[in-house]
Amino acid sequence: CLKLYVVSTQAIQGLQYSYYHHSMLASVSDDAALVLWDTNARRSVHQFTRSHKAPATDLAFGPSNDKLLMSCGLDKNIVLYDVLNKRLVRCSLAGL
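It should be emphasised that the depicted structure is a prediction, and the values quoted were computed from it without experimental measurement.

**Student:** Looking at this structure, I do not really get the packing of aromatic side chains. What am I missing?
**Tutor:** Scanning the model with the defined rule gives one aromatic pair in all. With a centroid separation of 4.6 Å and an interplanar angle of 50°, the aromatic rings of Phe-48 and Tyr-81 are classed as tilted. In this pair, Phe-48 is assigned in strand β4 (residues 43–48) and Tyr-81 in strand β7 (residues 77–82), connecting sequence segments 33 residues apart. Exposure class is identical for Phe-48 and Tyr-81. Each is buried.

Have a look at this one:
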């Protein structure tokens, strides 16, 4: 069993491993944060804490691009991240 150090006390709503970086795991939680984890080091490597204004509900790594990660939340936003440079790329309101 892999033990990671806790960053948040809120419920985790989604987990996803990177298709390209097999030790990179991402999680989204009820505190609206997206956290990038290094499972080899068993620690978080970056946190996006202000991407959503409501709980984040799901996430997905880009299947054909090793840099892209998307999340969605109850705020109806879809957020695109560059995980290698650890920056937010774009935020769009769903349906627009």
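More follows now that the structure is in view.
**Student:** How should the nonpolar core be read in this particular structure?
**Tutor:** For soluble globular proteins, nonpolar side chains are generally found buried alongside one another. Judged by nonpolar contacts, the single largest core of 13 residues is most densely connected at Leu-34, Leu-36 and Leu-69. Mapped by element, the contributors of at least two residues to this core are β2 (24–29), β3 (34–38), β5 (56–61) and β7. In this view, Leu-34 contacts Ser-27, Val-28, His-46, Gln-47, Phe-48, Leu-59, Leu-69, Ser-71 and Tyr-81; residues no more than four positions away in its chain are not counted.

**Student:** Can you help me understand the pairing of β3 in this one?
**Tutor:** Along any regular strand the residues' side chains alternate between the sheet's two faces. With respect to burial, β3 is a largely interior element, four of its five residues being buried. Sheet topology places β2 next to β3; five bridges connect them, and they run antiparallel. Residue pairing across strands places Val-28 opposite Leu-34, the latter belonging to β3. Two successive antiparallel strands, β2 and β3, enclose a turn made up of four residues, where Ala-32 displays a positive phi of approximately 75°. Taking the residues that link successive antiparallel strands as the turn, the β3-β4 hairpin has four residues, and the phi of Arg-42 there is positive, at about 60°.

**Student:** Quick question: what am I supposed to make of the environment of Asn-40 here?
**Tutor:** Relative to the helices and strands, Asn-40 is located in the loop between β3 and β4. Taking the C-alpha atoms as reference points, Asn-40 and Met-24, separated by 16 residues in sequence, lie 8.5 Å from one another.

**Student:** Please explain the sheet that holds strand β6 (residues 68–73) as it appears in this structure.
**Tutor:** Adjacent strands of a sheet pair through backbone hydrogen bonds, lying either parallel or antiparallel. Strand order in the open sheet formed by four strands is β5-β6-β7-β8, and the pairing between neighbours is antiparallel. Strands with a single pairing partner mark the edges of an open sheet, and in this sheet they are β5 and β8 (87–93). Taking each pair of neighbouring strands and ignoring which way they run, the sheet shows an average axis angle of 20°. For β5 and β6, the ladder comprises five bridges, and the chain directions are antiparallel.

Reading the values: the criteria
- Residues numbered from 1 in each chain as written.
- Predicted model: local features only at pLDDT ≥ 70, side-chain atom pairs only at ≥ 80, totals over all residues.
- Heavy atoms only, no water.
- Phe/Tyr/Trp six-rings, centres within 6.5 Å; stacked < 30°, edge-to-face > 60°.
- Helix = DSSP H or I, 4+ residues; strand = E, 2+ residues; numbered from the N terminus.
- Buried < 20%, exposed > 50% of the residue type's maximum accessible area, 1.4 Å probe, protein only.
- Core = buried A, V, L, I, M, F, W, Y, C linked by side-chain atoms within 4.5 Å.
- Contact = heavy atoms within 4.5 Å.
- Pairing = 2+ DSSP bridges.
- Axes fitted to C-alpha atoms, helices over the stretch in contact; angles between N-to-C directions.

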